[in-house]
Amino acid sequence: MRVDVVSLFPEFVTQMSSHGVVGRAQERGLLAIHGWNPREYATGNYRRVDERPFGGGPGMVMLIDPLRDCLGAARQADAGPAKVIYLTPQGQRLNQAKVRDLATRERLILLCGRYEGIDERLIAAEVDEELSIGDYVLSGGELAAAVVIDAVARLQEGALNDSESATQDSFEDGLLDCPHFTRPVEHELGDVPHVLMSGNHAGIARWRRQQSLGRTWLRRPDLIDPELLSVADRQLLEDFLAEGGFPPVRTT
Ligand code: 9D3
């Protein structure tokens, strides 16, 4: 997969993506990330990339032409057709279903805005899809682009080691993760749940499933429709709620 990032701060995104799972995916040849700066396609002594908005008001708007030329150069850097995604608070909210779809593409171009945003005509002419990463205010699209890259990189075949396997992740089965413990077994902050040291693998799997169901029910009720739970899962959840859960369920 190839991802081109069009941004006034492309190094911000490419630097972030050089570490961890995403960096390793690139080293393994599963993913290539390239940065493109519209400033380099701006003309005139000042190489302007922004201008004041027609109609007045605060802030600046990114000019069509430097962005269009930059985007054109990014498109032509590789033969394949690319889906162009504009990261913007006005976009559809990113979720794991969307990430799975994007991860199957051979080419993405991520367009990052700064200032108040981009001239709407450029969006209408060049953008295939608009995405937001959530309802909070960022200073630009770069962090959002890094989020998209991280999420799609993890889904590339061979990007994760066995211990990082994506299939057990939260959201891959629609539930939050269970709690995790390591040594020491006894600590002044509390003891590790006994079942995890029992060697009873079926019992451990059952406990973890129950914890996932219980935590999801309490913390993210929007992710669970009790009508859609299996009889076994519903029983696990009922027992969890009756027993009070671990860690002790907060009531405040
Ligand atoms: C203070 C500026 N706001 C005026 C009402 C509008 C605004 C413009 C540009 C708010 C944020 C931004 C920059 N944000 C992004 O480019 C962005 C973003 C975000 O802020 N939140 C969640 N997802 C995304 S994706 C791109």
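Quick look at the structure, then. None of these values were measured; they are calculated from a predicted model.

1. A closer look at the packing of helix H7 (residues 201-219) against helix H8 (residues 231-243)
Interhelical geometry of H7 versus H8 gives an angle of 70° and a closest axis separation of 9 Å. Here H8 runs roughly perpendicular to H7, going by the angle between their axes. Of H8, the residues touching H7 (which contributes Arg206, Arg209, Gln210, Gln211, Leu213, Gly214, Arg215, Trp217 and Leu218) are Asp233, Leu236, Leu237, Asp239, Phe240, Leu241 and Glu243. Looking at the contact of H7 with H8 residue by residue, the classes come out as seven nonpolar, three polar and six charged.

2. Quick notes on the site of the ligand
Around the ligand lies a shell of 16 residues, among which Ile133, Gly134, Tyr136, Leu138 and Gly140 are the nearest. In this structure, a nitrogen atom belonging to the ligand sits 3.4 Å away from a side-chain N or O atom of Ser132. Notes on the ligand: free accessible area 570 Å², of which the protein chains cover 70%. Looking at the shell around the ligand, the elements with two or more residues in it are strand S5 (83-93) and strand S7 (129-132). Among the elements that take part in the shell around the ligand, S5 stands out by supplying three residues, more than any other. Grouping the constituent residues of the shell around the ligand by class yields nine nonpolar, six polar and one charged.

Conventions used here
Residues numbered from 1 in each chain as written. Predicted model: local features only at pLDDT ≥ 70, side-chain atom pairs only at ≥ 80, totals over all residues. Heavy atoms only, no water. Axes fitted to C-alpha atoms, helices over the stretch in contact; angles between N-to-C directions. Helix = DSSP H or I, 4+ residues; strand = E, 2+ residues; numbered from the N terminus. Parallel < 35°, antiparallel > 145°, perpendicular 65-115°, else oblique. Contact = heavy atoms within 4.5 Å. Nonpolar A, V, L, I, M, F, W, Y, C, P; charged D, E, K, R; others polar. Near = heavy atom within 4 Å. Polar contact = N/O pair within 3.5 Å; in protein donor to acceptor, adjacent residues only side chain to side chain. Areas by Shrake-Rupley, 256 points an atom, 1.4 Å probe, with all protein chains shown as cover.

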